[in-house]
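Here are the chains, one letter per residue:
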Amino acid sequence: MADPEYDYLLKIILIGDAGVGKTFLLSRYINEELPRKKGPTIGVEFATKSICLANGGVVKAQIWDTAGTERFKAITSAHYRKSVGALVVYDVTVRDTFLHVKKWLDELREHGEPGIVVTLVGNKVDLVKDDPSLRQVTTEEAQKFATKNDLLFEESSAIEDINVKLIFENLLQKVYDVK
Ligand code: GDP
Ligand code: MG
């Protein structure tokens, strides 16, 4: 089937430490299912999806995964080139992945496009629902960091499908609105 007409093709990138759930979030959003295989994605560069936004706009999102290259700090500048939005993902149960967000924002500033819209995403909230003691990053702390750095912010679960659609579509909406 041919793609429907769209107003903009928008490149969105996923960044963040290995293991935080970037590929799961993308897969959940694109396919409404989870990746079949375990382990880091190798080779997949991006996935596309056409979306009708709440304001009536239609966009085609081209969402780039890291293909596992963040593991050896080998994300290429092609990953960042021409991106208009980014999800910077951490794992709410692994504090280091939150502490590294600053480093990912520096990478974005260095290699990304000026004016890129960024959402901070605290993934794996399903794990802390049953056992709050697993949480290593509070919502308040992350929200404060996001506000200070002019980022959108949301917590998510790719496994339980919490906020996944909302996160991608709010980001796309904001990118659309500033275009
Ligand atoms: P990536 O390296 O950032 O792409 O991370 P992946 O998407 O490959 O996810 C790494 C692992 O974390 C997967 O094997 C999943 O089992 C797990 N995972 C991903 N998202 C979630 C989530 O929302 N909740 C839980 N409990 N586990 C998740
Ligand atoms: Mg991955």
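The structure under discussion appears in the preceding block.
Residues numbered from 1 in each chain as written. Chains lettered and ligands numbered in written order. Predicted model: local features only at pLDDT ≥ 70, side-chain atom pairs only at ≥ 80, totals over all residues. Heavy atoms only, no water.

1. Things to note about the site of ligand 1
Neighbouring residues of ligand 1: 17 residues in total, closest Gly19, Lys22, Phe24, Asp126 and Ala158. For ligand 1, whose unbound accessible area comes to 580 Å², protein coverage reaches 83%. Ranked by residues supplied to the shell around ligand 1, first place goes to helix H1 (residues 22-31) with three residues. Split into classes, the residues belonging to the shell around ligand 1 amount to six nonpolar, five polar and six charged. (Near = heavy atom within 4 Å. Areas by Shrake-Rupley, 256 points an atom, 1.4 Å probe, with all protein chains shown as cover. Helix = DSSP H or I, 4+ residues; strand = E, 2+ residues; numbered from the N terminus. Nonpolar A, V, L, I, M, F, W, Y, C, P; charged D, E, K, R; others polar.)

2. As for helix H6 (residues 139-148)
All of the buried residues in H6 are Ala142, Phe145 and Ala146. One face of H6 carries all of its buried residues, which in axial projection span an arc of 100°. Turned more than 90 degrees off the buried face of H6, the exposed positions are Glu140, Lys144, Thr147 and Lys148. On its buried face, H6 is in contact with strand S4 (85-91), helix H3 (95-99), helix H4 (101-111), strand S5 (117-123) and strand S6 (152-155). A positive phi of about 60° marks aspartate 150, the residue just after H6. (Buried < 20%, exposed > 50% of the residue type's maximum accessible area, 1.4 Å probe, protein only. Arc of directions from axis to C-beta. Contact = heavy atoms within 4.5 Å.)

3. A look at H4
Those residues of H4 that sit buried are Val101, Trp104, Leu105 and Leu108. Projection of H4 onto a plane perpendicular to its axis shows the buried side chains occupying an angular sector of 100°, all on one side. Set apart from the buried face of H4 by more than 90 degrees, the exposed residues are Lys102, Arg109 and Glu110. Buried residues in H4 make contact with strand S1 (8-15), helix H2 (77-80), S4, H3, S5 and H6.

4. As for the environment of threonine 48
Residue placement: threonine 48 occurs in strand S2 (residues 46-52). With relative accessibility at 39%, the residue threonine 48 sits in the partly exposed group. With 30 residues separating them along the chain, threonine 48 and alanine 78 place their C-alpha atoms 17 Å apart. Apart from residues no more than four positions distant in its own chain, threonine 48 is found in contact with Ile30, Lys60, Ala61 and Gln62.

5. Re the pairing of S1
Extensive coverage of S1 is indicated by the burial of six of its eight residues. The sheet contact formed by S1 and strand S3 (residues 58-64) spans six bridges and is parallel. Bridged to leucine 9 within S3 is lysine 60. Sheet topology places S1 next to S4; four bridges connect them, and they run parallel. What sits directly across from isoleucine 15, in S4, is valine 88. (Pairing = 2+ DSSP bridges.)

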